[in-house]
Amino acid sequence: MPERLWRTPLDAEKAARPKAEIHILKDQCKGCGFCIQYCPKKVLEESDEINARGVHPPRVVDEKKCIICSFCTAVCPDFAIFVKEKTV
Amino acid sequence: MTPTLDNAKAIAYKKALSECIDAEKLKFCFECGICTACCPMAELLGEGYNPRNLLERIFINMEEALASEELWLCAWCYRCYRHCPQALKLPEIFLHIRRLAVKHGYKQPFENAVKKIVTAVPLSLVAIIACFHPERARLDLNKILDYAEQLRKEFLNERPWKTEPIKGKVAVIGSGPSGLTVAYELALKGCEVTVFEALEEPGGMLRKCLPVHRLPREFLDKDLQVLDALGVKIKTGVTVGKNIDFDSLWNEGFKAIFIGVGAHKGQELKIEGENLEGVFHALDFLWTVNSGREIDLKGKKVAVVGGGNVAVDSARTAIKLGADEATIFYRRSREEMPANPWEVKEAEDEGVKVELLVSPKRILGRNGWVSAVEFVRMRLDDLDETGRRRPIPIDGSEFVKESDLVVLAIGEAPDLQFLPKEIELKEDGTIWVNPLTMETTLKGVFAGGDTVTGPATIIEAIHSGKIAATSIECYLKASGGK
Amino acid sequence: MAKEDIRIGVYVCHCGLNIAGSVDCEEVAKFAAKLPNVVLARDYRYTCSDQGQELIKKDIKEFRLNRVVVASCTPRLHEPTFRRVCEEAGLNKYLFEMANIREQCSWVHLNDRKAATEKAKDLVKMAVAKAALLEPAEEIEVPIIRKALVIGGGVAGIQAALDLADTGYKVYLVEKEPSIGGMMARIDKTFPTMDCSICILAPKMSDVGRHPNIELLTNSEVVDVKGYIGNFRVKVLKKPRYVKEDCSACGECSKVCPMIAPNEFDAGLALRHAVYTPFAQAVPSTYIIDMNLCLNKDGIMVCEKCIKACERQAIDFTMKPETIELEVGTIIVATGADVFDPSTLPQYGYGRYLNVITSLEFERLINAGGPSGGRLIRPSDLKIPKRVAFIQCVGSRSSKTGRTYCSNVCCMNTIKDSLLIKEHWPETEIYVFYVDIRAYGKGFEDLYKRAKNEGVKFIRGLPAEIFEDRKTRNLWLIGENTLLKEPYKMSFDLVVLSVGLEPRKDAELIQRLLTLSRTQDGFFMEAHPKLRPVDAATGGIFFAGCAEAPKDIKDSVTQASAAAARAGILMAKGKVTVEAITPILDLEKCKACGLCVKVCPYNAITLNKELKRVEIVEAACGGCGTCAAECPSDALTQNHFTDEQIIAQIDAVTGQDADKKIVAFCCNWCAYAGADFAGVSRMQYPHNVRIIRTMCSGRVAPKFVERAFARGAAAVLVAGCHPGDCHYINANYHTQRRVERLWKKMEQNGLNKERLQLLWVSAAEGERFASKIYEMQRIVESVTPDEIERAKKVFAKAGGA
């Protein structure tokens, strides 16, 4: 089926997305940047603040884009970030 | 007086027909009507011209086609060819039959055609010279122009449409073919029209860029005189957006505005060396030549980049100015060149060279002046979104061509910074209009010509002007000249 | 060479008055009796009749004939008949030759009895010369493996597989998508019955899945094919699903998968996850993981949500691609067709205007199981349109898009679509813009009437351009109503482009793997458009469905059953005989240069470098003879069309009055058939042409042409199939090459190269053949004796008088 797929799917808005809660343990972060680099939805970016270790921890750009793949959790060497599904 | 059919004639007709069927692919025509739907002359003349019908008549009854005045009404805009699913070159087919008609003495149909042109096409003399090209069918152009002028005088004297003059002043921005058409049509109906032209002389592209050998200026002036006689005011040297604000036009009492500023901003190649001295945009080059400046290109090599009519005009102008060499460099193949094929051939006969499947990579210079251009050879891939094959550079095939002058003719866009933001533009920078009324997204403001379609032909500009004029008339009548 | 006496019997047939009316058969028979090696020459009224056949059999026994020549109609008609007669009389069937004095003599020279009779004599002389050199040959038998491969799992592939499996053969069904079903699974209803498409397809799909004789290989592609009819060795690459067959299709994995992408099955109108099933009724129902989308790449496990969600623990990321080798006897190609992409037609605005959709997107929208739940909605605002336009012939019947053929199904598809809309939303205004409505099949015209009855308006005149209203996203169509001769400018809420079908983008790959031919349109070429519509030119391979040409479901299913029957014939027989026109190799002369290997269209010759020779696989040989013409060392010749035999025919033609004759080499399938067709149509042409038949124009070696000129022939014609239509796939390309080289040689030696003509003519172009002979007659008349002598000298090496 090699047709060109250029349309926005009709259910793009309504696709059931679980709401994400991103928890960043700022002072545990050592500023390696892996979570920012590997997030598939580019939800994180480096913040301006400096933590206790003297580095810039990440901050959330748009929590709505997070798909709770937990890649950041898996790749962080210091267990400084994890994601939970928001229970309403 | 139609000559009687004899054996030699029958053979000649059969030969012409078989040329059309095979070489010009007439056998593929399946009568879809697309050519007639997009033909500007078909709309201008209404029932009086139907190219699809004419094609069928050529097939079925050559005598009828030869005796028909419709044969002479094609204005060479090639829109039919671009839209036709079989890519038939209708103007070429008609030319075959036109030449046959002239050879066998069918003169009367042509004279009827001139009558129709004079009544239906504003700027008739300009149109006859630059659009209809009767000389290609081996007719005497000067005699035709005299005849047309005479017919027009009679037509304007009769003016059988004396109705109540339309209430409301109309402003036309730009005195190119579309603007002048709007002015002419509305003035005929008794409307007060003022045309604002940024340059010192009216005519738009007709004055500014069309080479003199394509349109002798005296005929443009003759057509302008007609507008003058109808009471159209042309204010030259006034740039809307600089000398006068767009919004202030409303304050001056104009009830409707027509924007016909054309497409004069040359596209940029965005390559290294584009800002060297000696690199011109084609429109600037042509304007400089047309404004009377003495330019001597003896001994110079001119490179023209692009494949449209503007590129061909630039190359021919360069040869006429004495250039040693004028070469057109186009990145696709000859079939895909947007320029009229016969103009390309005429240019080649005059000494212009055409190099295909090349694209400039960078422009090299010495002491700030152009010295050479580095080109890369292209190959053609599958069709892209414009329906033409996508050119892809072949790595390592670069070569350098010495050039003293580089003319860029790769497309133009309209300069619309002066417009209020309510007037929406399309993605390519042209004004969006309702195709049936030519009205923009701002009520009371209309647009037509190259400004709406992007670079196109004179007859298309005239056509869009006529639609806009009809539309403005309805608008003014409906609003009561508020 | 046999040491025995050659005893030739010649029969000159009257064929009633068909031949005798313009040829003096008695005279020809008398002439034949005097030819060398001829012991018996008769003329007879109807040689192919029972009495005629009995007479030949009697003569063979009585006169101990060991070669038979019948001068009558075209060999394409009665060669098998007379061959059987010889066999019944105990004579090897390859010791028989025919002279065509009807289609190519009496019927085309109706008005010149003397000339026709002289030509007939010449033709008999040629046949006798060849007959003297004929050798007996045995046809080899090749066993056929009783297993079949079906490539493509659309409705055609499914039908073919079921038919073959029900007959009792083992079938491998290879499908490159994760599920079978093809295009038919995606459409909503079928015409003309308005059946729900997937409802009638799904039972067949599950039959395939459950059938004990069918091995279903989905998500797999054929990557290599070697072998020949009855003995194909196929390599299939099974791409990994990453989901084991334990999968129960519960869908829990999909629910938790975080990655989404547009779904190809829904034409991008809906989303799917990285782990998904293409559609609800997929067979096999096992889910599949799209590794391009999944977060786990290169073996690094990042996300394990699907693994955790699966109760059956069916997710397995360690799966690897597998290459399977299959041995099959027949192959059915049912690869289907692609849909035309209208993005290359800028005036229709597809891809820029949201509310311009293709007919395929329409099917998914109106399908109850589709992305909008069966509601036909406008993509821009998701509202139901009140005015819908259908534009026909998008991408078809157009030289601009390069697809000049009619796509067969779009007219009926639109009529069906319009009825579907009227069924659900009767107040919708529907306009169909067409050039011709093709409602040719059973029940089609009735459906068309029904549509008009429901108020669907048909306007003859395609729109030139579509404009969009930026606020409402409605569309204006500007066109001409050609029947009313009026322009139209109409506004619509939704425009459906009725796109055509085009050959698959990977058709070239399949073509190379299976050595198939394609027609100019790009679809696969059948062996004969009327008499062998499902056979490929390559033996053992058959076509089903849109792979061969665009067609609707009924015709696809019909063709699939036909292909299964044809494949069944081969496999039922269990063996196939190969016509003994294969190459003969002279080992001593072979220098292992490998040129023959390169030109063989069937890859039937391989080069054995160690043994310094080539090896011929006779079962794969198609019998074109191109290898024999290519061999520079004279090591290869073709059985029943040997160099000596052809040269004997050339010498027979040019023995007398060569300077007035045209020696023509015609290929059996096109040129010779074209000349026959000229005869059947009684087209008259000059009588000085003598035709020598070869199976393929690729058999014509340059030395044959040189020999003809060396013997003083006025002109030579080499005629074959149109390029791309060659019966032997591409052998005529070599013909072109060789003729061009000969032209160069003639030019370099100051000879008029017009004396050698190359003609591509099809079996239906009798007139083209006739006009070529007229053209060449003028050349023959203008050739000077001096020129003839010069040519003789130039080509003297080829052998003179």
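The shown structure was predicted, so the numbers you read here are calculated from the model rather than taken from an experiment. (Residues numbered from 1 in each chain as written. Chains lettered and ligands numbered in written order. Predicted model: local features only at pLDDT ≥ 70, side-chain atom pairs only at ≥ 80, totals over all residues. Heavy atoms only, no water.)

We now examine the overall build of chain C. Along chain C, the regular secondary structure elements total 22 helices and 40 strands. Each principal axis of the C-alpha distribution contributes one length, and for chain C these read about 90 × 65 × 55 Å. Contacts spanning at least 24 positions in sequence make up 73% of the contacts within chain C whose residues lie at least 6 apart. Summed over all atoms, the accessible surface of chain C reaches about 32000 Å², with 51% contributed by carbon and sulfur. In chain C, the 108 positive side-chain charges and the 99 negative ones have mean positions that sit 2 Å from each other. (Helix = DSSP H or I, 4+ residues; strand = E, 2+ residues; numbered from the N terminus. Contact = heavy atoms within 4.5 Å. Areas by Shrake-Rupley, 256 points an atom, 1.4 Å probe, with all protein chains shown as cover. Lys, Arg positive; Asp, Glu negative; His and termini not counted. Charge placed at Lys NZ, Arg CZ, Asp CG, Glu CD.)

The subject of this paragraph is the packing of helix H1 (residues 25-33) of chain C against helix H5 (residues 113-132) of chain C. All names here are of chain C. The contact between H1 and H5 brings their axes to 10 Å, and the two run at 35°. The handedness of the crossing between H1 and H5 is right-handed. On the side of H1, the interface is formed by Glu27, Val28, Phe31 and Ala32, while H5 contributes Thr117, Glu118, Ala120, Lys121, Val124 and Lys125. The residue makeup of the contact of H1 with H5, split by class, is 5 nonpolar, 1 polar and 4 charged. (Axes fitted to C-alpha atoms, helices over the stretch in contact; angles between N-to-C directions. Left-handed = near helix turned anticlockwise from the far one by under 90°. Nonpolar A, V, L, I, M, F, W, Y, C, P; charged D, E, K, R; others polar.)

Another aspect to go through is the environment of methionine 62 of chain B. Among the structural elements, methionine 62 of chain B can be located in helix H5 (residues 62-67). C-alpha of methionine 62 of chain B to C-alpha of serine 464 of chain B: the two residues are 402 residues apart in sequence and 33 Å apart in space.

Between chain C and chain A, the residue contacts involve 36 residues of the former and 21 residues of the latter. When the two sides are added together, the surface that chain C and chain A hide from each other amounts to roughly 2400 Å², 63% of it contributed by carbon and sulfur. When the buried area of chain C at its contact with chain A is split by residue, Leu269, Leu271 and Val302 of chain C rank highest and sum to 19% of it. Applying the counting rule to chain C against chain A returns 2 salt bridges. In this structure, aspartate 341 of chain C and arginine 4 of chain A form a salt bridge, with 3.8 Å as the shortest nitrogen-oxygen distance. Counting across the chain C and chain A interface gives 8 residue pairs in polar contact (both at pLDDT 80 or more). Of all the secondary structure elements, the ones that give two or more residues to the side of chain C that touches chain A are strand S13 (260-262), strand S14 (271-273), strand S20 (356-358) and helix H10 (359-366) of chain C. Partitioning the side of chain C that touches chain A into residue classes produces 23 nonpolar, 5 polar and 8 charged. (Buried area = accessible area lost by both parts, 1.4 Å probe. Salt bridge = Lys/Arg side-chain N within 4 Å of Asp/Glu carboxyl O. Polar contact = N/O pair within 3.5 Å; in protein donor to acceptor, adjacent residues only side chain to side chain.)

This part takes up the interface of chain B and chain C. Taken together, the contact between chain B and chain C spans 36 residues of the former and 28 residues of the latter. Interface of chain B and chain C: buried area, both sides summed, is about 2600 Å²; carbon and sulfur atoms make up 53% of it. The interface formed by chain B and chain C includes 4 salt bridges. Between arginine 52 of chain B and glutamate 480 of chain C there is a salt bridge, with the nearest N and O atoms lying 3.0 Å from each other. Taken together, the connections running from chain B to chain C amount to 20 residue pairs in polar contact (both at pLDDT 80 or more).

Residues and elements named next belong to chain B. It is the contact of helix H16 (residues 309-320) with helix H17 (residues 341-349), at a shortest axis distance of 10 Å, that shows an interaxial angle of 20°. Here H16 is positioned roughly parallel relative to H17, judged by the angle of their axes. Our pair here, H16 against H17, has a crossing hand that is left-handed. Side by side, H16 and H17 meet where Val312, Asp313 and Arg316 of the first sit next to Glu343, Val344, Glu346 and Ala347 of the second. When grouped by side-chain class, the residues that make up the contact of H16 with H17 number 3 nonpolar, no polar and 4 charged. (Parallel < 35°, antiparallel > 145°, perpendicular 65-115°, else oblique.)

What follows concerns helix H13 (residues 217-230) of chain B. Residues and elements named next belong to chain B. The terminal C-alpha atoms of H13 lie 20 Å apart, and with 14 residues this matches the ideal 20 Å at 1.5 Å per residue to within 8%. Inspection of H13 places Arg217, Phe219, Leu220, Asp223, Leu224, Val226, Leu227 and Leu230 among the buried residues, and these make up the whole buried set. Summarising the axial view, the buried residues of H13 lie within an arc of 165°, below the 170-degree limit, and thus occupy one face. Opposite its buried face, H13 presents the exposed residues Gln225, Asp228 and Ala229, each directed more than 90 degrees away. Along its buried surface, H13 packs onto helix H9 (124-132), helix H10 (141-158), helix H11 (177-188), helix H12 (205-208), strand S3 (233-236) and helix H15 (282-290). Count one or two residues on from H13 and you reach glycine 231, which has phi positive near 95°. (Expected span 1.5 Å × (residues − 1). Buried < 20%, exposed > 50% of the residue type's maximum accessible area, 1.4 Å probe, protein only. Arc of directions from axis to C-beta.)

Okay, the sheet that holds strand S6 (residues 279-281) of chain B next. All names here are of chain B. Read across the open sheet, the 5 strands follow the order S6-S14-S7-S8-S9; overall the sheet is parallel. Single-partner strands in this sheet number two, and they are S6 and strand S9 (353-355). Between one strand axis and the next, the sheet turns by 25° as a mean value, whatever way the strands run. One ladder, built from 4 bridges, connects strand S7 (residues 301-305) with strand S14 (residues 405-408); its direction is parallel. Bridge pairing links valine 302 to leucine 405 in S14. Set on the sheet, H15 makes contact with S6 and S14; between it and S6 the angle comes to about 90°. Lying over the sheet, H16 contacts S7, strand S8 (325-329) and S14, oriented at roughly 170° with respect to S8. (Pairing = 2+ DSSP bridges.)

Attention now goes to the sheet that holds strand S1 (residues 8-13) of chain C. Residues and elements named next belong to chain C. Read from one edge to the other, the open sheet built from 4 strands follows the order S2-S1-S3-S4, with strand pairing classed as parallel. Two strands lie at the open edges of the sheet, namely strand S2 (38-44) and strand S4 (96-100), each paired on one side alone. Looking at each pair of strands side by side, their axes are set apart by 15° on average, direction ignored. Where S1 and S2 come together, 6 bridges link them in parallel fashion. Residue isoleucine 8 lies in a different strand from S2, and its bridge partner there is valine 38. Those strands touched by H1 are S1 and S2, and its axis lies near 175° from that of S2.

Time to look at the nonpolar core. Residues Met41, Phe246 and Ile259 of chain B are the most contacted members of the largest nonpolar core, which totals 124 residues. It is helix H19 (residues 458-479) of chain B that contributes the most residues to this core, 9 residues altogether. Dropping the residues within four chain positions of it, isoleucine 259 of chain B is found in contact with Ile173, Phe246, Phe418, Leu419, Ile423, Ile431, Val445, Phe446, Ala447, Gly448 and Thr451 of chain B. Core analysis: the second largest hydrophobic core is formed by 74 residues, Leu123, Val700, Ala713 and Leu756 of chain C among them. (Core = buried A, V, L, I, M, F, W, Y, C linked by side-chain atoms within 4.5 Å.)

For the rest of this paragraph, the subject is the domain arrangement of chain C. Residue and element names in this part refer to chain C. Each assigned domain of chain C is listed with its residue range as follows: domain 1 (1-137), domain 2 (141-239 + 321-336 + 504-573), domain 3 (240-320), domain 4 (343-502), domain 5 (580-616) and domain 6 (641-801). With centres defined by C-alpha atoms, the gap from domain 2 to domain 4 works out at 32 Å. Contact with domain 2, which involves 20 residues of that partner, is made by 25 residues of domain 4. Taken together, both faces of the contact between domain 2 and domain 4 bury some 1900 Å²; the carbon and sulfur share is 65%. The three residues of domain 2 that bury the most area against domain 4 are Asp188, Phe191 and Met194, which together make up 31% of that side's buried surface. Run the count over domain 2 and domain 4 and you get 1 salt bridge. (Domains from an automatic or database assignment.)

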